[in-house]
Amino acid sequence: MFPRRPPAALAAWLAGARGGGLLALLANQCRFVTGLRVRRAQQIAQLYGRLYSESSRRVLLGRLWRRLHGRPGHASVLMAALAGVFVWDEERIQEEELQRSINEMKRLEEMSYMFQSSGIRCHPPEPKSQTEGNEDSEGKEQPWEMVMDKKHFKLWRRPITGTHLYQYRVFGTYTDVTPRQFFNVQLDTEYRKKWDALVIKLEVIERDVVSGSEVLHWVTHFPYPMYSRDYVYVRRYSVDHENNMMVLVSRAVEHPSVPESPEFVRVRSYESQMVIRPHKSFDENGFDYLLTYSDNPQTVFPRYCVSWMVSSGMPDFLEKLHMATLKAKNMEIKVKDYISAKPLEMSSEAKATAQSSERKSEGSRGPARIEYA
C-alpha cells in the first residue's frame with residue numbers, strides 16, 4: 001500500500017501522477033521487489049555453489065524440481081536439499097513397507113501349502129490391486145508369468161504398467177546355511193566388496209537414528225559395452241523373533257551429498273524386498289526366501305534383452321550370495337552380526353515422530369523414461 005501523505009502533498013502527488021508520476025512510482029516499486037528477489041537468489045546460489053560443481057547443481061536442482069512439482073508445502077524439502085540436508089521424514093523406510101513385504105511372504109506360503117498336496121505348480125498370488133473396486137482398470141497390476149522353475153528356485157515376472165519394464169519375484173530355499181548367515185552377508189557392505197567382483201564402490205552415506213534406515217551409494221559394473229551404473233538408495237531391515245521372520249527393504253532416493261557423476265549412469269528407479277523365513281530357527285540350517293525386485297537400468301536395448309539380462313543375472317547373483325555365505329560359514333570369515341546388533345532403540349519421542357510420518361501418503365515413484373546405453 002502507498003504511504004500516508006498530508007492533504008497538500010497528496011494533492012501535489014495526484015497532480016504529478018497525471019503527468020506520469022504514478023507510472024514512475026510503480027516502476028520504482030517493481031525494481032525494489034525485483035532487487036530483493038535477485039539478492040535472495042544470489043545468496044542461495046552462493047551457498048549451493050560452495051557445495052557442488054556447476055554441472056552437479058543443474059542435475060540435482062532439475063531432479064528436485066521434477067520431484068516436488070505439484071506437491072505444495074514441500075518448499076522446505078527443497079531448501080533443505082539446497083543446504084545439503086537429507087530429509088529423513090520424507091525418505092525413511094516406514095513400518096508399513098516392511099509389513100507389506102512380510103504379508104506377501106505369508107500369502108505365498110499359504111498358497112504353497114494349499115497346492116503342495118495336490119501337485120499343482122505354485123504361482124505367487126496376485127497382490128490386491130490398489131484400483132480394486134474401481135471400474136477404471138488402467139492402473140491394475142499385471143499377472144505374474146513363470147520364467148524359471150527349478151526344484152529350489154522359482155522366478156516370475158510381470159510387466160510394470162505404463163513402462164517397458166518388468167518386476168521380478170524369486171521364491172527359493174537353501175538348506176546348507178543358516179538364515180542368520182545369509183541375512184548378515186547381504187547387509188555387510190565390506191564383505192560384499194570381496195565376494196562381488198562387479199562392485200566398484202559401496203558405502204553407507206548416512207544413518208537414521210529414528211528408524212535404523214541408512215542411505216547407501218553403490219556403483220557397479222554392467223555388461224560390456226554398457227556404462228557402469230550407480231545407485232543411491234535407502235534400506236532398512238527388521239528381525240521379527242516372535243513370528244520367526246527377517247525382512248530387508250530398499251528403494252532409490254536422491255541424496256544431496258551424492259550428485260550424479262559423468263562417469264556413471266544413475267539408476268533412479270529401484271526397489272527390492274527380501275523376506276526370509278527360517279525352517280526352524282535363525283541359527284539352524286534351512287530357510288525359504290522371497291525376493292521382489294525392479295529397477296530401470298536405463299538402457300537402449302529392447303525389452304526382451306533387458307528381461308534376459310535380469311532373468312539370467314538374478315539367479316547368478318543369488319548363487320554368488322549363497323556361495324559367499326558358505327565361505328563365511330566354512331572359512332569363518334568375520335561378518336558383522338546385524339541380527340544381534342539391532343538398530344538404535346527408539347525413544348518415545350522418536351516413535352511418535354515415526355508414527356506421525358507413517359501417516360503421510362507417499363508420492364508416486366514411477367520409473368524414469370530417459371534411457372542410456
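Please refer to the structure higher up on the page.
The rules behind these values
- Per-chain numbering applies: the sequence of each chain, read as written, is numbered from 1 onward.
- Only residues with pLDDT of 70 or above have their local features reported here, since the model is predicted, and side-chain atom pairs are shown and tallied only from 80 upward, although totals for entire chains, interfaces and linings are computed over all residues.
- With hydrogens and water excluded, all non-hydrogen atoms of the structure serve as input to the side-chain values.
- Here a strand is any run of E in DSSP of at least two residues, a helix any run of H or I of at least four, and the numbering for each starts at the N terminus.
- Note on classification: 1.4 Å probe, protein chains only; a residue is buried when its accessible area is under 20% of the maximum for its type, exposed when over 50%, partly exposed between these limits.
- Here a residue-residue contact requires only that any non-hydrogen atoms of the pair lie within 4.5 Å.
- To define a nonpolar core, start from buried Ala, Val, Leu, Ile, Met, Phe, Trp, Tyr and Cys residues and group those joined through side-chain atoms within 4.5 Å.
- Here the rule is simple: two strands pair whenever DSSP picks up at least two bridges between them.

**Here's the deal with the environment of Val239**
For step 1, the next point in the chain: Inspection of the secondary structure assignment puts Val239 in strand β6 (residues 229–240).
For step 2, the next point in the chain: By relative accessible area, Val239 is classed as buried at 18%.
For step 3, the next point in the chain: Residues Val239 and Phe183 lie 56 residues apart in sequence; the distance between their C-alpha atoms is 9.9 Å.
For step 4, the next point in the chain: What Val239 contacts, discounting residues up to four positions off in sequence, is Phe183, Met245, Met246, Phe282 and Ile339.

**Concerning the nonpolar core**
For step 1, the next point in the chain: Formed by 44 residues in total, the largest nonpolar core has its most connected members in Val170, Phe183, Met274, Ile276, Tyr289, Met314 and Leu318.
For step 2, the next point in the chain: The biggest single contributor to this core is helix α9 (residues 303–330), with seven residues.
For step 3, the next point in the chain: For Tyr289, the residues in contact, after removing those within four places along its chain, are Met105, Phe153, Val170, Phe171, Gly172, Thr173, Tyr174, Met274, Val275, Ile276 and Leu318.

**Looking at the pairing of strand β3 (residues 166–174)**
Sheet faces and side chains relate simply in a regular strand, where the side chains alternate between the two faces.
For step 1, the next point in the chain: Counting buried residues in β3 gives nine out of nine residues, a clear majority hidden from the surface.
For step 2, the next point in the chain: The alternating pattern of β3 places Tyr166, Tyr168, Val170, Gly172 and Tyr174 and Gln167, Arg169, Phe171 and Thr173 on opposite faces, both of which are buried.
For step 3, the next point in the chain: Note: strand β2 (residues 153–159) against β3, seven bridges, orientation antiparallel. Residue pairing in the sheet places Lys154 in a bridge with Phe171 of β3.
For step 4, the next point in the chain: As consecutive antiparallel partners, β2 and β3 are separated by six residues, and within that stretch Gly162 has a phi angle of approximately 85°, a positive value.
For step 5, the next point in the chain: Sheet topology note: the β3/strand β10 (residues 287–295) ladder contains seven bridges and is antiparallel. Bridge pairing in β10 links Val170 to Leu291.

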